[in-house]
Amino acid sequence: MLIPTQIKSLRQYFYPCLGGILGGISVSTHFWLIFMPISLFILWKGSKRKIANFWWGFFFILISHSWLYDLHPLTWLGFSKLTSLIIAILILLFCAFLGGILVYLWGLLVEIILWKEDVFKMKILSLTVKVFFLSLTWGIGELILSQTPFFWIGLGESLIPGDIYLAGLARWIGASGLCVLQILIGFWIFYIQGRWKRNLHYKKIFLLGLLVFIFLHLFGGLTTPIKRNYEYPVAIWQTNIPTREKLKINDEFIEEKLSIAQKYALSNKAKLLVAPEGTLSNNFYFSKGIKVNTLSGGFRNSNNGLRSSLLGFQIGDKSSTTFIDKNRLVPIGEKIPRFLDSFSRGLSAVGGIQSGSDSRFFDPKFTPPLAVAICYEISDGLEIRKAINSGAKLIITAANLDPYPAKLYNQFLSLARLRSIENKKNNLLVSNTGPSGLVQDDGKIIKLLDYDVEQNEIVFPNFSSEKTFYTKFGDKPILFLFILFMGLNFFWKIN
């Protein structure tokens, strides 16, 4: 029989684990509106205890990134079933452990800044400064991480499709700002619950917070979508070729499939055909000549190295004449640390490849200028924003998400939709097994093809020169507020 102290000790572990699990489940799902606020409430409630912070972060990543397990089986790359299983589990556990460490470090800062005195007896102005600073610290942390290859999705992008109206604020404050808002919502719930439990006045704080919450949704939902036009039909080809089978497929097979896709495009008077990441083999040669302007994912040799690219073919071309290379490579999967070069070619069909330029601006000349994200790059909102400031009028996202499950597809779609909202640009998606389709400039889906089927479809993207507040100023306002509240927090300490 458990004694009261043992029960209390178990609760200290159970609740942060539950909070992380709920948060992980809510990422890029309709559960966000219920689970994420509860998860962040638990995070703040356990922020006094360092180990609680670790377990929240560990389980948040473990659940939200559980699709990493679907790397297994890697037998097609020569690994045994047991080795494949161990590799997949170790990668997932490593990512979860790293997430736990980062939240643990944030918790240390919370302890230093906030828990020196009783939060519920603190003056509102002082408390506001501290909580805003801590929330902004998390937001800046996600912003920094998003500039590294060790980042896929965080709190900022997680609320689509769960709360598309709150996500609408991204056109002003970007993903980092949305992240800060979510941390603040979690603290608001925690603070109200704490005051209620201590029989302190809480109704005014509750009502004020509720009014702000409603206003943010109304403001986020206020948008005027760009008037749609149908002057530029684009054919998208969802190839649905399993990655494990690509090694067995020859160029003749792809050329035949490409010819069929071109006939479909021509019969529908498409001005452009787009195919997903990795469709064409290295230095692919089309013996018949391209019959419709085409952008296709593929590979090319450059400086004695292989690059994954979006290749451009003009009518009549037999090989690509323009290209933009993938810059953000998947660690271990595409980019292998030098010390592992002699042991492994990585966890992909092509092994190690080289990075291209970090610019995502692409002007193939036979289309208006584009902002291009190749798969993993959709998580880097800063480079997409830079490309649009350079003149891009449409976002094109080409990907290959096979063999991962629907969980990853949903997260990919959330990222793509947020990039559209941030910059008020249509986002044309084309992926090997999905998601493929068209996202409107307000993040709403215009067209989405069925997953895991080969399909050709015509979509009508808008090319727009409009820029949002976020496109113009980026994360500068968030950085300014971070510095301001850091300074105010320091001022409070010395007075």
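Placed above this text is the structure.
Residues numbered from 1 in each chain as written. Predicted model: local features only at pLDDT ≥ 70, side-chain atom pairs only at ≥ 80, totals over all residues. Heavy atoms only, no water.

So, the sheet that holds strand 6 (residues 361-362)
- In spatial order, the strands read 6-7-8-9-10-11; together these six strands make up an open sheet with mixed pairing. Each of the sheet's edge strands pairs with one partner strand only, and the pair in question is strand 6 and strand 11 (445-448).
- Seen against the sheet, helix 11 (residues 381-389) touches strand 6, strand 7 (370-374) and strand 8 (394-399) and runs at an angle of roughly 160° to strand 7.
- Across the sheet, helix 12 (residues 406-423) is in contact with strand 8, strand 9 (427-431), strand 10 (437-439) and strand 11; its angle to strand 9 comes to roughly 160°. (Pairing = 2+ DSSP bridges. Helix = DSSP H or I, 4+ residues; strand = E, 2+ residues; numbered from the N terminus. Contact = heavy atoms within 4.5 Å. Axes fitted to C-alpha atoms, helices over the stretch in contact; angles between N-to-C directions.)

Description of unusual backbone geometry
- Residue proline 161 is reached from isoleucine 160 by a cis peptide bond, and omega for that bond is 10°.
- On the secondary structure map, proline 161 appears in the loop between helix 6 (155-158) and helix 7 (164-167).
- At the junction of glycine 434 and proline 435, the peptide bond is cis and its omega measures out at -5° in the coordinates.
- With respect to the element layout, proline 435 can be found in the loop between strand 9 and strand 10.
- Of note in the backbone geometry, asparagine 240 takes a positive phi value of approximately 55° without being a glycine.
- Locating asparagine 240 in the fold gives a position in the loop between strand 1 (234-238) and helix 10 (251-267).
- The backbone phi angle of lysine 269 is positive, close to 55°, even though this residue is not glycine.
- Of note, lysine 269 is situated in the loop between helix 10 and strand 2 (272-280).
- Its relative accessible area of 70% is what places lysine 269 among the exposed residues. (Buried < 20%, exposed > 50% of the residue type's maximum accessible area, 1.4 Å probe, protein only.)

Let's talk about the packing of helix 3 (residues 50-64) against helix 4 (residues 81-113)
- Packing of helix 3 against helix 4 leaves a shortest axis separation of 7 Å and a crossing angle of 145°. As for the relative orientation of helix 3 and helix 4, their crossing is right-handed in sense.
- Grouping the amino acids of the contact of helix 3 with helix 4 by side-chain chemistry returns 14 nonpolar, five polar and two charged. (Left-handed = near helix turned anticlockwise from the far one by under 90°. Nonpolar A, V, L, I, M, F, W, Y, C, P; charged D, E, K, R; others polar.)

Some remarks on the packing of aromatic side chains
- Under the criterion given, the structure shown has 30 aromatic pairs.
- Arranged with centres 5.3 Å apart and planes meeting at 75°, the rings of phenylalanine 58 and phenylalanine 59 form a pair that is edge-to-face.
- The exposure class of phenylalanine 58 is buried, given its relative accessible area of 13%.
- With 5.6 Å between their ring centres and 35° between their planes, tryptophan 172 and phenylalanine 469 make a pair best called tilted. Of this pair, tryptophan 172 sits in helix 8 (residues 170-197) while phenylalanine 469 sits in helix 13 (residues 469-473); the two residues are 297 residues apart in sequence, bridging distant segments of the chain.
- Here tryptophan 172 falls in the partly exposed class, since its relative accessible area comes to 36%.
- Residue phenylalanine 469 is classed as partly exposed on the basis of its relative accessible area, which comes to 33%.
- An aromatic cluster is defined as three or more aromatic residues linked by ring pairs; in this entry it consists of Trp44, Trp56, Phe60, Trp106, Phe120, Trp138, Phe187, Phe190 and Tyr191.
- Across from the ring centre of phenylalanine 323, 3.5 Å away, lies the NZ or CZ of arginine 300, which sits over that ring. (Phe/Tyr/Trp six-rings, centres within 6.5 Å; stacked < 30°, edge-to-face > 60°. Lys NZ or Arg CZ within 6 Å of the ring centre and 35° of its normal.)

Remarks on the pairing of strand 3 (residues 294-302)
- By the criterion of burial, strand 3 is predominantly enclosed, with eight of the nine residues buried.
- Sheet topology note: the strand 2/strand 3 ladder contains four bridges and is parallel. When the sheet's bridge partners are listed, leucine 273 is paired in strand 3 with threonine 294.
- Examined bridge by bridge, strand 3 and strand 4 (residues 305-313) share nine bridges and lie antiparallel to one another. Bridged to phenylalanine 299 within strand 4 is serine 308.
- Remark: two residues form the turn of the hairpin made by strand 3 and strand 4, two consecutive strands paired antiparallel; asparagine 303 in that turn has positive phi of roughly 50°.

Side note on the sheet that holds strand 2
- Spatial strand order, 5-4-3-2-1-12: six strands in an open sheet with mixed pairing. Looking at which strands have only one partner, the edges of the open sheet turn out to be strand 5 (322-325) and strand 12 (455-459). Strand-to-strand twist in this sheet, taken as the mean axis angle between neighbours without regard to direction, amounts to 30°.
- Sheet analysis places strand 4 next to strand 5, joined by four bridges and oriented antiparallel. Of the residues in strand 5, the one forming a bridge with leucine 311 is phenylalanine 323.

Focus on the pattern of salt bridges
- Counted under the stated rule, the structure contains twelve salt bridges.
- Of the charged contacts in the structure, one is a salt bridge between aspartate 363 and lysine 365, with a shortest N-O distance of 3.4 Å.
- Between lysine 386 and glutamate 383 there is a salt bridge, and its shortest N-O distance comes to 3.4 Å. Highlighted residues: lysine 386 and glutamate 383, both in helix 11, separated by three residues, approximately one helical turn.
- Within the structure, one salt-bridge network assembled from shared partners comprises Glu157, Arg419 and Glu422. (Salt bridge = Lys/Arg side-chain N within 4 Å of Asp/Glu carboxyl O.)

Function cannot be inferred from these measures alone, as they are strictly geometric.
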